[in-house]
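# Overview (structure and organization)
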Amino acid sequence: QVQLVESGGGLVQPGASLRLSCAASGLTFSTYDMAWFRQAPGKEREFVSAITWSGNLYYAASVKGRFTISRDNAKNTVFLQMNSLKPEDTAVYYCAAFTGGSRYSTNSYGDWGQGTQVTISS
């Protein structure tokens, strides 16, 4: 059974940093493209960032230059380093494993974590 468990969310002020982690089990992690999505209240879940099994990186325009995705295959973990956080980054952040289709579509990911809350507020 595939499990993805996010951690690292919290409440921080604008300009602060957070590092999210997603621990995966039940899949051959090193062969999977992984991604982060986020969902704010009243909005649809949106693509944030992805990293392929070979290390290629993809970012939404809204986070490029501020967020960095990485993975440690030895630890079956994907990370999202979030810097210069803004109030509009407030959302539940989800980790997902790619199963086919558009990289940017939620429908292309068959396994999801439970999400971790990120709140940026003064």
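Since the model is a prediction, treat every value here as computed from it, not as a measurement. (Residues numbered from 1 in each chain as written. Predicted model: local features only at pLDDT ≥ 70, side-chain atom pairs only at ≥ 80, totals over all residues. Heavy atoms only, no water.)

The subject of this paragraph is the overall build of the chain. Counting its regular elements, the chain contains zero helices and 11 strands. The secondary structure elements of the chain, listed N-terminal to C-terminal, are β-β-β-β-β-β-β-β-β-β-β. What you see for the chain is a C-alpha radius of gyration of 13 Å, in line with the 14 Å of a compact globule of 122 residues. The proportion of buried residues among the 122 residues of the chain is 42%. (Helix = DSSP H or I, 4+ residues; strand = E, 2+ residues; numbered from the N terminus. Rg over C-alpha atoms; globule rule 2.2 N^0.38 Å. Buried < 20%, exposed > 50% of the residue type's maximum accessible area, 1.4 Å probe, protein only.)

Tallied over the full model, the rule gives one disulfide. The disulfide partner of Cys22 is Cys95, and the S-S distance across this bridge is 2.1 Å. Sign of the S-S torsion, about -75 degrees for the bond between Cys22 and Cys95, identifies this disulfide as left-handed. Here Cys22, found in strand S3 (residues 18–25), pairs with Cys95, found in strand S9 (residues 91–98); they are 73 residues apart in sequence, far enough to count as distant. Each member of the pair, Cys22 as well as Cys95, carries the same accessibility label: buried. (Disulfide = S-S within 2.5 Å.)

In this structure, Ile51 sits in strand S5 (residues 46–51). Once the C-alpha coordinates of Ile51 and Phe29 are considered, the two residues, 22 residues apart in sequence, prove to be 12 Å apart. Among all residues touching Ile51, those that are not within four sequence positions of it are Asp33, Met34, Asn56, Leu57, Ile69, Ser70, Arg71 and Val78. (Contact = heavy atoms within 4.5 Å.)

Our next topic: the sheet that holds strand S1 (residues 3–7). In space, the four strands of this open sheet follow the order S1-S3-S8-S7, with antiparallel pairing throughout. Looking at strand neighbours, the two that pair on one side only are S1 and strand S7 (67–72), the edges of this open sheet. Taking each pair of neighbouring strands and ignoring which way they run, the sheet shows an average axis angle of 15 degrees. Where S3 lies against strand S8 (residues 77–82), six bridges are found, and the strand directions are antiparallel. Bridge assignment links Leu18 to a residue of S8, and that residue is Met82. (Pairing = 2+ DSSP bridges. Axes fitted to C-alpha atoms, helices over the stretch in contact; angles between N-to-C directions.)

Quick look at the pattern of salt bridges now. All chains considered together, the criterion is met by four salt bridges. Residues Arg38 and Glu46 are paired through a salt bridge, measuring 2.7 Å at the closest nitrogen-oxygen approach. Since its relative accessible area comes to 5%, Arg38 is described here as buried. The salt bridge partner of Arg66 is Asp89, with a shortest N-O separation of 2.7 Å. Of the two residues, Arg66 is situated in the loop between strand S6 (57–59) and S7 and Asp89 in the loop between S8 and S9; the sequence distance between them amounts to 23 residues. Its relative accessible area of 0% is what places Asp89 among the buried residues. Three or more residues joined by partner-sharing salt bridges are found here, namely Arg38, Glu46, Arg66 and Asp89. (Salt bridge = Lys/Arg side-chain N within 4 Å of Asp/Glu carboxyl O.)

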